[in-house]
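In case you want the letters, here they are:
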Amino acid sequence: MHHVECRQCDFEREAHDWLAAEIVAEDHRDREGHVVTATEPDGTLLGRYA
């Protein structure tokens, strides 16, 4: 599972694939204005959304 996390609040989600992780991260960024990171199942950084 891909992991989406915000270190500015307690937001944390799992996603089934990279596209779902990207959508979740961008949505949280747009709603809250926070910096969100998404990682691959092996822990590799997928993206940082600011």
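This text goes with the structure placed above it.
All values reported here derive from a predicted model rather than from experimental measurement.

Each value, and the rule that gives it
- Residues numbered from 1 in each chain as written.
- Predicted model: local features only at pLDDT ≥ 70, side-chain atom pairs only at ≥ 80, totals over all residues.
- Heavy atoms only, no water.
- Helix = DSSP H or I, 4+ residues; strand = E, 2+ residues; numbered from the N terminus.
- Buried < 20%, exposed > 50% of the residue type's maximum accessible area, 1.4 Å probe, protein only.
- Contact = heavy atoms within 4.5 Å.
- Pairing = 2+ DSSP bridges.
- Axes fitted to C-alpha atoms, helices over the stretch in contact; angles between N-to-C directions.
- Salt bridge = Lys/Arg side-chain N within 4 Å of Asp/Glu carboxyl O.

Trainee: An account of the overall build of the protein chain is requested, with residue identities and associated values reported.
Mentor: When helices and strands are tallied, the protein chain shows one helix and four strands. For the protein chain, the α and β elements follow one another from N to C terminus as β-β-α-β-β. For the C-alpha atoms alone, the extent of the protein chain along its principal axes is close to 25 × 15 × 15 Å. For the protein chain, the residues scored as buried account for 30% of the 50 residues in total. The long-range share in the protein chain, meaning contacts at least 24 apart out of those at least 6 apart in sequence, stands at 33%.

Trainee: Explain the sheet that holds strand β2 (residues 12-15) to me, using residue names and the numbers behind them.
Mentor: An order of β2-β1-β3-β4 is seen for the four strands of this open sheet, with the pairing classed as antiparallel. The open sheet has two edge strands, β2 and β4 (45-49), and neither has a second partner. With strand direction ignored, the average angle separating the axes of adjacent strands in the sheet is 15 degrees.

Trainee: If you had to explain the pattern of salt bridges to someone new, which residues and values would you point to?
Mentor: A complete count under the given rule lists two salt bridges for this structure. Across the pair Arg31 and Asp27 runs a salt bridge whose closest N-O atoms are separated by 2.9 Å. Highlighted residues: Arg31 and Asp27, both in helix α1 (residues 18-32), separated by four residues, approximately one helical turn. Judged by relative accessible area, which is 37%, Asp27 ranks as partly exposed. Across the pair Arg29 and Asp30 runs a salt bridge whose closest N-O atoms are separated by 3.0 Å.

Trainee: Summarise the pairing of strand β3 (residues 36-39); cite the residues concerned and give the values.
Mentor: Pairing analysis gives four bridges linking strand β1 (residues 2-6) to β3, with the strands arranged antiparallel. Bridge assignment links Cys6 to a residue of β3, and that residue is Val36. Strand direction decides the pairing type here: β3 and β4, joined by four bridges, are antiparallel. Within β4, the residue paired with Val36 across the bridge is Tyr49.

Honestly, it's all geometry; don't read function into it.
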